[in-house]
Amino acid sequence: MIIDGSEKSLRKFLSELSPVDQVGAEARAAMLATRSIKTSSKAWAIDMAISMVDLTTLEGADTPGKIKTLCAKAVRPDPTDSTVPSVGAICVYNDMVRIARSELDSIGGNSVPVAAVATAFPSGRASLAVKKIDTQDALNAGASEIDMVIDRGAFLSGRLMEVFEEIRTIKELCGNKAHLKVILETGELVTYDNVRKASYLAMLAGADFIKTSTGKVAPAATAPVVLVMLEAVRDYFALTGTKIGVKPAGGIRTTKDAIKQLVLVKETAGDQWLTPDLFRIGASALLNDLLMQRMKLRSGHYASANYVTVD
Amino acid sequence: MSDFEYANAPESPAIANIASNYGLFIGGKFVQPKKGKSFNTINPATEEVLSKIGYADKSDIDAAVKSARSAYLKVWSKMPAKERGKYLYRIARIMQERAREFAVVETLDNGKPIRESRDTDVPLAAAHFFYHAGWADKLEFAGFGSKPKSLGVVGQVIPWNFPLLMLAWKIAPALAAGNTVVLKPAETTPLTALLFAEVCQQAGLPEGVVNIVTGDGVTGAALVNHPDINKIAFTGSTEVGKSIARAISGSKKTATLELGGKAANIVFDDAAIDEAVEGIVNGIFFNQGHVCCAGSRLILQENVAEEVLDKLKKRMSLIRVGDPMDKNTDLGAINSKEQLNKINEISNAGDKEGANRWSPELKLPSKGFWFPPTIFTGVTQSHRIAREEIFGPVLSVLTFRTPAEAIEKANNTMYGLSAGIWSDKGSKVLWAAKQLKAGVIWSNTFNKFDPASPFGGYKESGWGREGGRHGLSGYLTAEAKVNK
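The rules we used
- Residues numbered from 1 in each chain as written.
- Chains lettered and ligands numbered in written order.
- Predicted model: local features only at pLDDT ≥ 70, side-chain atom pairs only at ≥ 80, totals over all residues.
- Heavy atoms only, no water.
- Helix = DSSP H or I, 4+ residues; strand = E, 2+ residues; numbered from the N terminus.
- Rg over C-alpha atoms; globule rule 2.2 N^0.38 Å.
- Buried < 20%, exposed > 50% of the residue type's maximum accessible area, 1.4 Å probe, protein only.
- Contact = heavy atoms within 4.5 Å.
- Areas by Shrake-Rupley, 256 points an atom, 1.4 Å probe, with all protein chains shown as cover.
- Lys, Arg positive; Asp, Glu negative; His and termini not counted.
- Charge placed at Lys NZ, Arg CZ, Asp CG, Glu CD.
- Pairing = 2+ DSSP bridges.
- Buried area = accessible area lost by both parts, 1.4 Å probe.
- Salt bridge = Lys/Arg side-chain N within 4 Å of Asp/Glu carboxyl O.
- Polar contact = N/O pair within 3.5 Å; in protein donor to acceptor, adjacent residues only side chain to side chain.
- Nonpolar A, V, L, I, M, F, W, Y, C, P; charged D, E, K, R; others polar.
- Domains from an automatic or database assignment.
- Right-handed = clockwise from strand over helix to strand, strands pointing away.
- Axes fitted to C-alpha atoms, helices over the stretch in contact; angles between N-to-C directions.
- Core = buried A, V, L, I, M, F, W, Y, C linked by side-chain atoms within 4.5 Å.

Enquirer: Mind showing me how you'd approach the overall build of chain A here?
Expert: Counting its regular elements, chain A contains 13 helices and 8 strands. Relative to its length of 311 residues, chain A is compact, with a C-alpha radius of gyration of 19 Å against a globular reference of 19 Å. Overall, chain A is about 60 × 45 × 30 Å in size when its C-alpha atoms are taken along their principal axes. Relative to its 311 residues, chain A shows a buried fraction of 58%. A sequence separation of at least 24 residues applies to 77% of the contacts in chain A between residues at least 6 apart.

Enquirer: What should I look at first to understand the overall build of chain B in this one?
Expert: The helix and strand inventory of chain B stands at 15 helices and 20 strands. Here chain B holds 484 residues, and 63% of them are scored as buried. Across chain B, the fraction of contacts at a sequence separation of at least 24, relative to all contacts at a separation of at least 6, is 76%. Summed over all atoms, the accessible surface of chain B reaches about 18000 Å², with 52% contributed by carbon and sulfur. Of the side-chain charges in chain B, 58 are positive and 51 negative, and the distance between the mean point of each set is 9 Å.

Enquirer: Would you explain the pairing of strand β15 (residues 374-377) of chain B in this entry?
Expert: One face of the sheet, then the other: side chains in a regular strand alternate in exactly this way. All names here are of chain B. Judged by which residues are buried, β15 turns out to be covered on both faces: Thr374 and Phe376 on one side and Ile375 and Thr377 on the other are all buried. Pairing of strand β14 (residues 356-358) with β15, which is carried by 3 bridges, proceeds in the antiparallel orientation. Bridge pairing in β15 links arginine 357 to phenylalanine 376. Relative to strand β16 (residues 394-400), β15 runs parallel, the two being bridged by 3 bridges. In the sheet register, phenylalanine 376 faces β16, and the bridge partner there is serine 396.

Enquirer: For this particular structure, what's the right way to read the interface of chain A and chain B?
Expert: When the parts of a complex come together, some accessible area is lost, and that lost area is often used as the size of the interface. With 30 residues of chain A at the interface, the matching set in chain B holds 28 residues. Between chain A and chain B the total buried area reaches about 2500 Å² when both faces are included, carbon and sulfur atoms providing 54% of it. In terms of surface lost to chain B, no three residues of chain A exceed A:Arg35, A:Trp44 and A:Lys266, which account for 21% of the buried area on that side. Residue A:Arg234 pairs with B:Asp274 through a salt bridge whose shortest N-O separation is 2.8 Å. Counting across the chain A and chain B interface gives 13 residue pairs in polar contact (both at pLDDT 80 or more). Contributions of two or more residues to the side of chain A that touches chain B are made by α2 (22-32), α3 (39-52), α11 (223-240) and α12 (255-268) of chain A. Ranked by residue count, the leading element in the side of chain A that touches chain B is α3(A), at 6 residues. Taken together, the residues of the side of chain A that touches chain B break down into 11 nonpolar, 8 polar and 11 charged.

Enquirer: Is there a simple way to explain the pattern of salt bridges in this structure?
Expert: Residue and element names in this part refer to chain B. All told, the structure shown has 54 salt bridges over all chains when counted by the stated rule. Of the charged contacts in the structure, one is a salt bridge between arginine 98 and glutamate 198, with a shortest N-O distance of 3.3 Å. Taken together, the positions of arginine 98 in the loop between α2 (81-97) and α3 (99-110) and glutamate 198 in helix α6 (residues 191-202) put the pair 100 residues apart, joining distant regions of the chain. The class of arginine 98 is buried, set by a relative accessible area of 16%. For arginine 115, the salt bridge goes to aspartate 330, with nearest N and O atoms at 2.8 Å.

Enquirer: Would you explain the domain arrangement of chain B in this entry?
Expert: All names here are of chain B. Taken as a whole, chain B is organised into domain 1 (13-259 + 459-480) and domain 2 (264-443). Taken over C-alpha atoms, the centre of domain 1 sits 30 Å from the centre of domain 2. At the junction of the two partners, domain 1 supplies 31 residues and domain 2 supplies 31 residues. Regarding the contact of domain 1 and domain 2, the summed buried area is about 2600 Å², with carbon and sulfur atoms giving 57% of it. Taken together, domain 1 and domain 2 are joined by 1 salt bridge. Where domain 1 meets domain 2, there are 16 residue pairs in polar contact (both at pLDDT 80 or more). Class assignment for the residues of the side of domain 1 that touches domain 2 results in 11 nonpolar, 10 polar and 10 charged.

Enquirer: Where do I start with the pairing of strand β17 (residues 418-422) of chain B in this structure?
Expert: Residue and element names in this part refer to chain B. Of all 5 residues that make up β17, 5 are buried, and the element is covered over most of its length. Of the two faces of β17, the one carrying Ser418, Gly420 and Trp422 and the one carrying Ala419 and Ile421 are both buried. Here strand β12 (residues 264-267) runs beside β17; their pairing, made up of 4 bridges, is parallel. Note on β17: the bridge partner recorded for isoleucine 266 is isoleucine 421. Bridge analysis of β17 against strand β18 (residues 440-443) gives 4 bridges, and the strand direction is parallel. Paired with isoleucine 421 across the two strands is serine 443, which belongs to β18. Following the backbone out of β17, through helix α14 (residues 426-435) and into the adjacent parallel β18, one traces a crossover that is right-handed.

Enquirer: Could you clarify how one ought to interpret the side chain of A:Glu185 in this entry?
Expert: Residue and element names in this part refer to chain A. You can see glutamate 185 is positioned in the loop between β5 (179-183) and α9 (186-189). A relative accessible area of 0% places glutamate 185 in the buried class. Polar side-chain contacts of glutamate 185 include one of 2.5 Å to the side chain of threonine 214. Those residues in contact with glutamate 185, other than ones at most four positions away along the chain, are Arg152, Lys211, Thr212, Ser213, Thr214 and Val217.

Enquirer: What is the right way to read the sheet that holds β16(B) from this model?
Expert: Adjacent strands of a sheet pair through backbone hydrogen bonds, lying either parallel or antiparallel. Residues and elements named next belong to chain B. Strand order in the open sheet formed by 7 strands is β14-β15-β16-β13-β12-β17-β18, with mixed pairing between adjacent strands. Of all the strands in the sheet, just β14 and β18 have a single pairing partner and so form its edges. Each strand of the sheet is rotated relative to its neighbour by a mean of 20 degrees, with strand direction disregarded.

Enquirer: What is the right way to read the nonpolar core from this model?
Expert: As a rule of thumb, soluble globular proteins bury nonpolar side chains together. Core analysis: the biggest nonpolar cluster contains 110 residues, and B:Phe129, B:Leu167, B:Val210 and B:Leu312 have the highest contact counts within it. Here this core takes 11 residues from helix α5 (residues 163-176) of chain B, the largest share from any one element. Each of domain 1 (13-259 + 459-480) and domain 2 (264-443) of chain B gives at least three residues to this core. In this structure, B:Phe129 is in contact with B:Leu88, B:Ile91, B:Ala92, B:Met95, B:Leu167, B:Ala168, B:Ile171, B:Ala172 and B:Phe196, ignoring residues within four places of it in sequence. In terms of nonpolar packing, the next biggest core, distinct from the first, is built from 103 residues, A:Val75, A:Leu189, A:Leu274 and B:Tyr6 among them.

Enquirer: It is not clear to me how the sheet that holds strand β6 (residues 209-211) of chain A should be interpreted in this structure. Could you clarify?
Expert: Residues and elements named next belong to chain A. Pairing in this open sheet of 8 strands is parallel, and the strands run β7-β6-β5-β4-β3-β2-β1-β8 from one edge to the other. A single partner strand is all that each edge strand has here, and the edge strands are β7 (245-247) and β8 (281-283). Adjacent strand axes in the sheet meet at a mean angle of 25 degrees, parallel and antiparallel pairs treated alike. The sheet contact formed by strand β2 (residues 89-93) and strand β3 (residues 114-118) spans 4 bridges and is parallel. Residue pairing across strands places cysteine 91 opposite alanine 115, the latter belonging to β3.

Enquirer: Hey, could you run me through the environment of A:Val97 in this one?
Expert: Residues and elements named next belong to chain A. Looking at the element boundaries, valine 97 is found in helix α5 (residues 97-106). A relative accessible area of 0% places valine 97 in the buried class. Along the primary structure valine 97 and alanine 143 are separated by 46 residues, whereas in three dimensions their C-alpha atoms are 6.2 Å apart. Beyond its immediate stretch of four places on either side in the chain, valine 97 contacts Val92, Val114, Ala116, Ala138, Ala141, Gly142 and Ala143.

Enquirer: Teacher, can you tell me more about unusual backbone geometry here?
Expert: It is generally the case that most residues other than glycine have a negative phi and that most peptide bonds are trans. Residue and element names in this part refer to chain A. Of note, the amide linkage connecting phenylalanine 121 to proline 122 takes the cis form, showing an omega dihedral of 0 degrees. For proline 122, the position within the fold is in the loop between β3 and α6 (128-140). Cis geometry is found at the peptide bond from alanine 218 to proline 219, where omega equals -5 degrees. In this fold, proline 219 is placed in the loop between β6 and α11.

Structure follows, in structure tokens:
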């Protein structure tokens with residue numbers, strides 16, 4: 001164990017992390033964005049990105065009908081082409097988990113997991129008791145992935161142990177029933193030093209994945225933020241032998257954006273992270289752009305937007 | 001699991017449109033050398049001949065200097081300053097318009113990755129013309145006296161590592177200050193200078209204001225020794241720089257010399273390690289390490305040395321070495337066989353002297369001139385690889401225990417061009433910067449250039465500065481006299 005569970009050891013560990021130089025991190029991310037991904041590597045990246053999409057709807061206006069449409073899309077993103085892989089998961093609010101699970105099962109999407117956002121998503125402003133009930137509810141409904149938010153207020157006011165305990169508690173609830181993704185909401189943590197610190201805090205507390213954002217706060221998954229988080233999982237692996245996943249979410253809308261994310265993964269955490277088990281992209285509009293670019297690559301021309309399904 | 005190998009993403013060589021042969025650019029026209037001699041310029045990544053280049057001898061130099069003198073006396077020195085500025089703006093804009101062409105030609109002729117010529121060399125070269133265009137009509141307010149005057153005809157000799165950028169560093173301030181020039185590009189990289197000559201024609205620059213003479217060291221010496229040159233501006237090796245200093249002593253000529261370096265890149269234990277690793281990589285592997293200000297001596301605090309070296313090696317394994325025209329290439333070809341031999345010779349001396357060589361596993365192309373990204377650990381101050389400029393992708397790693405020791409090691413060199421400091425602590429950075437004897441000091445970054453920022457060295461790294469107001473002063477005299 002690199003910490004003994006006490007507040008003192010947690011603080012000591014986090015305070016000894018190397019700082020992030022803002023200018024340097026942004027320059028590195030910008031350089032990696034210039035990588036030119038063409039032909040065969042683009043085809044590979046598009047299919048990999050599709051299989052990494054956590055197809056998401058998190059609206060107050062979500063209905064069972066909307067969820068079912070999304071499930072169909074998740075299982076067969078392109079109804080005209082069976083070689084297109086299914087997406088990584090469906091990501092919905094708690095009360096839609098049961099509907100999503102049974103719909104997926106009934107259309108042959110047994111292998112597509114349902115992720116639920118829990119712990120008073122998106123703000124995280126509720127008592128731990130409520131957050132526990134919220135999580136348990138999602139688990140009972142059949143969620144196999146929990147996307148929890150951290151208490152940013154506690155983190156920013158220095159109550160690190162409180163954040164740690166919350167994550168640990170939710171992880172305990174998840175047990176081996178569900179994967180835990182911990183949303184840092186990097187747009188509210190603001191500095192890269194905070195992003196690095198929160199990443200380690202989440203990993204130490206038991207996160208299976210660290211996730212950038214709720215999608216409700218801008219900026220969300222910027223390239224330098226994802227870079228810093230990928231460095232954190234890479235170094236955590238070197239330290240502990242445990243691989244933690246990364247999930248950027250929010251603002252990734254185009255194939256170009258998604259491919260840039262995969263380049264970041266390849267040249268930071270390494271090729272081992274290029275699997276849906278260790279990298280996901282939280283998105284909704286992205287999937288259709290990936291499908292259109294996939295068609296373009298195969299046919300040589302762009303199809304009208306009506307050739308992909310609207311969900 | 002992963003098959004995410006980047007497919008080839010080559011830039012098109014057809015954009016370059018390189019002529020099969022080039023004459024000398026004298027008096028606004030391409031002319032054949034008087035003796036009709038020529039030499040080939042090759043692509044160092046493939047060893048293929050790109051073009052046949054005119055070889056200028058003494059008589060050609062004389063013609064070029066005469067043309068420059070005549071343009072100086074009749075046109076350029078009499079032209080209102082704001083008109084000079086307009087020409088410089090026009091040149092800058094044309095360079096931007098033809099940026100892709102310049103980048104491709106540079107990469108083909110030099111061997112540097114297209115990503116660097118496209119994102120660094122060409123934009124910076126255009127920026128130098130824009131910057132100096134602005135100075136042309138403001139010289140009276142630049143602090144050089146109320147009536148600063150141009151010098152006359154300037155002879156300029158530039159190296160092969162940044163052919164177009166070094167041309168811009170030389171020509172832009174010279175013209176802005178009202179001088180005319182005869183420029184000799186390096187023997188192995190004449191093409192972008194000749195393309196620039198076309199730009200001068202396109203911009204309608206008066207004939208003879210810029211003259212480009214191609215050739216080798218003998219050509220350069222003829223230019224330096226020509227009696228009707230008022231100033232020499234040279235970038236290149238310290239050895240040649242010293243010979244220029246000797247050649248012009250006792251003459252009316254002035255000189256700015258931008259020479260070698262063996263920069264210390266100091267990493268303190270409180271640095272942002274990941275970004276420091278990026279900075280180390282950028283410091284020594286940018287442009288194949290063919291950079292006079294390269295961070296070629298890494299001076300690491302001992303208590304973080306292991307961590308930094310571990311991360312550095314992993315990062316070096318990601319450096320993509322190969323076809324410079326591929327947009328994803330990070331490290332291109334060594335510019336010439338001669339340079340490759342020199343890198344090999346000093347590196348082999350490193351082995352013999354007991355340092356430990358390490359390079360990532362990679363396959364180098366069979367044709368062309370290549371050297372893998374390399375670090376030497378266990379280097380001591382007395383090793384040749386710690387003292388001599390290698391001018392290649394070779395990093396010597398030394399360690400230190402206290403800040404004072406770091407400074408002492410950093411300054412223990414005949415050079416003093418640049419240095420880097422990596423620390424998250426502002427007070428330490430400022431303290432170290434004050435102690436370091438180097439003309440350019442980067443803090444938490446490396447190899448950053450800007451036309452407004454003067455560049456130049458201490459000790460055997462050179463005389464004078466280039467860029468900014470300081471650089472401009474090298475092309476002006478406060479006295480109201482006109483040289484004849």
